[in-house]
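Chain by chain, the residues:
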Amino acid sequence: MTISFHKHGSSHKHDSLHKHDSSHHDDSHQNPAVDSEILAAMDGLETAEDFLNFFEIEYDVRLVQIKHIQLLRMYQKLLPSGEPGFDQHKRALCVAYNQLARGRELAFEASGCQTCSSDCGD
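In the annotation of an unreviewed UniProt entry, the protein is listed under the name Nitrogenase-stabilizing/protective protein NifW and assigned to Vibrio quintilis. The annotation that UniProt attaches to the protein under Subunit (unreviewed entry) is "Homotrimer; associates with NifD." Quoted verbatim from the Function (unreviewed entry) field of the UniProt record, the comment on the protein reads "May protect the nitrogenase Fe-Mo protein from oxidative damage."

Undergrad: Explain the environment of F54 here, please?
TA: By the element assignment, F54 lies in helix 2 (residues 48–54). A residue is classified by how much of its surface remains accessible, and F54, at 11% relative accessible area, is buried. Spatially, the C-alpha atoms of F54 and K90 are 9.1 Å apart, while their sequence positions differ by 36 residues.

Undergrad: Explain the nonpolar core here, please?
TA: Ranked by size, the top nonpolar core spans 24 residues in total, and within it F51, L52, F55, L71, Y75 and L93 carry the most contacts. Looking at this core, the elements that each hand over two or more residues are helix 2, helix 3 (61–78) and helix 4 (86–101). The biggest single contributor to this core is helix 3, with seven residues.

Cut-offs and rules
- Per chain, residues are indexed from 1 in the order of the written sequence.
- Local features in a predicted model are, by the rule used here, given only for residues with pLDDT of at least 70; side-chain atom pairs are given and counted only at 80 or more, and totals for whole chains, interfaces and linings are based on all residues.
- Excluding hydrogens and water, the side-chain figures rest on all heavy atoms present in the structure.
- UniProt positions are given in the numbering used here, feature names are shortened, and annotations may be inferred rather than shown by experiment.
- Only DSSP runs of H or I with at least four residues qualify as helices, and only runs of E with at least two residues qualify as strands; both kinds are numbered from the N terminus onward.
- Each residue is assigned to one of three classes by its accessible area relative to the maximum for its type, calculated with a 1.4 Å probe on protein chains only: buried under 20%, partly exposed between the two thresholds, exposed over 50%.
- We define the nonpolar core as a collection of buried residues of types Ala, Val, Leu, Ile, Met, Phe, Trp, Tyr and Cys that are connected through side-chain atoms lying within 4.5 Å of one another.

So this is what it looks like as structure tokens:
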């Protein structure tokens, strides 16, 4: 699965919280077969809002509009290695969103360009 960083063009200009209708998901994601079906459904998710809605995480629309790339990057970094299941995906996204909501962002390491000797076009 790849995580897309599409800019979500929304005309919403409010600071409301988005609440997701949880009627389409059930708690059967504990079953590995159901887990794989749910994870396969994630392939169509593109925006941060798509992921938050899919995992039924309440969020501030304005914050996500501003920090959608940081949210998806942090979410991806927080996923455990291997093939994480539904619960691990949801937990990673919750942690990432809550960290951003508290003003905490990932500190990325400097790129390898500082030690690279290539003349790729400085």
